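Chain by chain, the residues:
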Amino acid sequence: MKLTGVELIHVSMPLVSPFRTSFGTQVTRDLLLLRVVTDEGEGWGECVTMPDPVYSSEYVAGAADVLRRFLIPTLAASGPLDASRVATVLAPFKGHRMAKAALEMGVLDAELRAEGRSFARELGAVHDRVPCGVSVGIMDSIPALLDAVGGYIDEGYVRIKLKIEPGWDVAPVRAVRERFGDDVLLQVDANTAYTLADARHLARLDPFDLLLIEQPLEEEDILGHASLAQQITTPVCLDESITSAQSTAAAIRLGACAVVNIKPGRVGGYLEARRIHDVCVAHGVPVWCGGMLETGIGRAANVALAALPGFTMPGDTSASDRYYRTDITEPFVLDAGTLTVPTGPGIGVLPVPELLAEVTTHTEWVTV
Ligand SMILES: O=C(O)CCC(=O)N[C@@H](C(=O)O)c1ccccc1
């Protein structure tokens, strides 16, 4: 397979409601799609960077630049395309894991479509549907939060994740427990908003029987998470800190995490995501699939990943309408709390041209 070129497609998708986290509020999802064109067909990749470097150091314009100037030309010059070699070919360029992940995803999709194999088959999926959790942003009030959570439970979501930050943590968790009871699967996500000095405060969440507390401390603070895990009973889960199979093994051995959130974009691609899954399974650490407000393109690949055996906890693999009134692919629709794993070649979905055109802000063709 030979790379002919890559189209960088900048899209801006309006969210059905503002999504507030400890690092800001989004009302649209601005992201980058890659249409990878080869001599044997096309493949699609989704770059999950934020517009600004507030979740991680990557951001949309930076990803487009590193793809345009370094990643795409280098891959094109490396000989016949082979998705399993993309990470190695791009390794000389430090970081930029989300940009690399998008390119690898597009190459893998093109390859698998040409072979007639699905992402699920390639990654080793063992389920044909996956249970779905939902992420609930920081709200303006407790009543507004309870309305949102009640709506998602009514829709059938099997797990609730609450975004928290200092000043919005114990009270919302207590209110959800009091309103919806102890049987609801409930977890919280701090997105690095706390420090080790908050350990005693975070221990106040212990009585609420949470599945986990996600990334309470900053990305680099592995030892801090290990120390926090000794001071609270809620299992610690890492997100931003998990960047590779190697860093995952280190975090587990240091006692920094009892659960791992795997996000393919954050770790450099679906193939590294599978390697992280394998490391966690080997250590008896449960994993779940995180989300970055993906369109149906990334959502399709995430649902396939979430069907691997070690994904024993519901992920942030929500239905399309959690975030978008209209997705750019056929929408993913919740069915009894689950989403069906795509079975078609590659990621199994394609953008609907007129729907993609509606949200495209600009495109750029990178010739090779
Ligand atoms: O369901 C989803 O796709 C979003 C799940 C979610 O909360 N993602 C958070 C996160 O910190 O994990 C996030 C969203 C957007 C950007 C970065 C991170």
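Just so you know, these numbers come straight off a predicted model, no measurement behind them.

### Quick notes on the packing of helix α9 (residues 245-253) against helix α11 (residues 270-282)
Piece 1. Contact geometry of α9 with α11 gives a least axis separation of 9 Å together with a crossing angle of 25°. Compared by their axis directions, α9 and α11 come out roughly parallel. For the crossing formed where α9 meets α11, the hand is right-handed. Counted together, Ala-245, Thr-248, Ala-249 and Ile-252 of α9 and Glu-272, Arg-275, Ile-276, Val-279 and Cys-280 of α11 form the full contact between these two elements.
Piece 2. Split by residue class, the contact of α9 with α11 holds 6 nonpolar, 1 polar and 2 charged.

### Quick word on the sheet that holds strand β6 (residues 159-163)
Piece 1. Spatial strand order, β5-β6-β7-β8-β9-β10-β11: 7 strands in an open sheet with parallel pairing. Because the sheet does not close on itself, it has two edges, and the strands there are β5 (133-136) and β11 (287-289).
Piece 2. Sheet analysis places β5 next to β6, joined by 4 bridges and oriented parallel. Bridge assignment links Val-134 to a residue of β6, and that residue is Ile-160.

### Description of the pairing of strand β10 (residues 259-262)
Piece 1. Here β10 shows a buried face lined by Val-259 and Asn-261 and a second buried face lined by Val-260 and Ile-262.
Piece 2. As defined by bridge partners, strand β9 (residues 236-238) adjoins β10 across 2 bridges and the pair is classed as parallel. Bridging across to β10, Cys-237 finds its partner in Val-259.
Piece 3. Read as a crossover between parallel neighbours, the route from β9 over α9 to β10 is right-handed.
Piece 4. One ladder, built from 3 bridges, connects β10 with β11; its direction is parallel. The partner of Asn-261 across the bridge, within β11, is Trp-288.

### Examining the site of the ligand
Piece 1. Neighbouring the ligand are 18 residues; Ser-135, Lys-163, Asn-191, Lys-263 and Tyr-323 lie closest to it.
Piece 2. Separating an oxygen atom of the ligand from a side-chain N or O atom of Ser-135 is a distance of 2.7 Å.
Piece 3. Note that a nitrogen atom of the ligand is positioned 2.9 Å from one of the backbone N or O atoms of Gly-291.
Piece 4. Protein chains bury 100% of the 430 Å² of accessible surface belonging to the ligand in isolation.
Piece 5. In the shell around the ligand, the residues fall into 7 nonpolar, 4 polar and 7 charged.
Piece 6. Taken domain by domain, the shell around the ligand gets at least three of its residues from each of domain 1 (3-116 + 352-367) and domain 2 (121-340).

Reading the values: the criteria
Residues numbered from 1 in each chain as written. Predicted model: local features only at pLDDT ≥ 70, side-chain atom pairs only at ≥ 80, totals over all residues. Heavy atoms only, no water. Axes fitted to C-alpha atoms, helices over the stretch in contact; angles between N-to-C directions. Helix = DSSP H or I, 4+ residues; strand = E, 2+ residues; numbered from the N terminus. Parallel < 35°, antiparallel > 145°, perpendicular 65-115°, else oblique. Left-handed = near helix turned anticlockwise from the far one by under 90°. Contact = heavy atoms within 4.5 Å. Nonpolar A, V, L, I, M, F, W, Y, C, P; charged D, E, K, R; others polar. Pairing = 2+ DSSP bridges. Buried < 20%, exposed > 50% of the residue type's maximum accessible area, 1.4 Å probe, protein only. Right-handed = clockwise from strand over helix to strand, strands pointing away. Near = heavy atom within 4 Å. Polar contact = N/O pair within 3.5 Å; in protein donor to acceptor, adjacent residues only side chain to side chain. Areas by Shrake-Rupley, 256 points an atom, 1.4 Å probe, with all protein chains shown as cover. Domains from an automatic or database assignment.

On their own, these measurements won't tell you what the molecule is for.
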